[in-house]
Amino acid sequence: MTELRRDPFRGEGWIDRLVLPFVREPTLWPIGLVLLGHAIAFLAPLLVLAVRDRAWLAALGVLVTATLSVLALRREQRLTGGFGAWAAVTGATWALSIAGAVVAARWGLV
């Protein structure tokens, strides 16, 4: 009996349909890494500008991004009963963004 392969682009919400296939499907990992790099390249300078330069618009951008991250994590917890791949992606994005902000600020890149 053949088992139907699960379609990685089917799911409950937009996170399941648009983001998690890049975590679940190994052939999409390079694209997922590029998307992760773009998120880090967006968030790291915002963090530097918000903390070091006290730019209110950058702080607003960090606040909005953090709020969206928390809302997505709460939704994942509500749907699955715990944290999974989305929490790992979100945590990695924030951790690497903070590390990138520290490096950029120390080396004077931003």
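Throughout this document, residue positions are counted from 1 along each chain, in the order its sequence is written. Restriction of local features to residues with pLDDT of at least 70 applies here, the model being predicted, together with a cutoff of 80 or more for giving and counting side-chain atom pairs; totals for whole chains, interfaces and linings are based on all residues. The side-chain values count all of the structure's non-hydrogen atoms but skip hydrogen atoms and water molecules.

(A) The arrangement of the nonpolar core in detail. Only buried Ala, Val, Leu, Ile, Met, Phe, Trp, Tyr and Cys residues count toward a nonpolar core, and they belong to the same one when joined by side-chain atoms within 4.5 Å. Burial classification: accessible surface area is computed with a 1.4 Å probe over protein chains only, and a residue below 20% of its type maximum counts as buried, one above 50% as exposed, and the rest as partly exposed. Core analysis: the biggest nonpolar cluster contains 10 residues, these being L43, A44, L46, L47, V48, A50, A58, V62, W94 and A101. What counts as a helix is a DSSP run of H or I of at least four residues, what counts as a strand is a run of E of at least two, and both are numbered from the N terminus. Among the elements of the structure, α3 (29–51), α4 (56–80) and α5 (85–107) are those that each provide at least two residues to this core. In terms of residue count, α3 provides more of this core than any other element does, 6 residues in total.

(B) Representation of the confidence of the model for the chain. For every residue, the predictor assigns a confidence score, pLDDT, that lies between 0 and 100. Averaged over all residues, the pLDDT of the chain is 86; the fraction at 70 or higher stands at 86%. At the level of individual helices and strands, the chain shows its lowest average pLDDT in helix α1 (residues 14–19), which scores 73, and its highest in α3, which scores 94.

(C) Quick look at the pattern of salt bridges. Each reported salt bridge corresponds to a side-chain nitrogen of Lys or Arg within 4 Å of a carboxyl oxygen of Asp or Glu. Applying the stated criterion across every chain yields a total of 1 salt bridge. Note that R52 is salt-bridged to D53, the shortest N-O span being 3.0 Å. Since its relative accessible area comes to 41%, D53 is described here as partly exposed.

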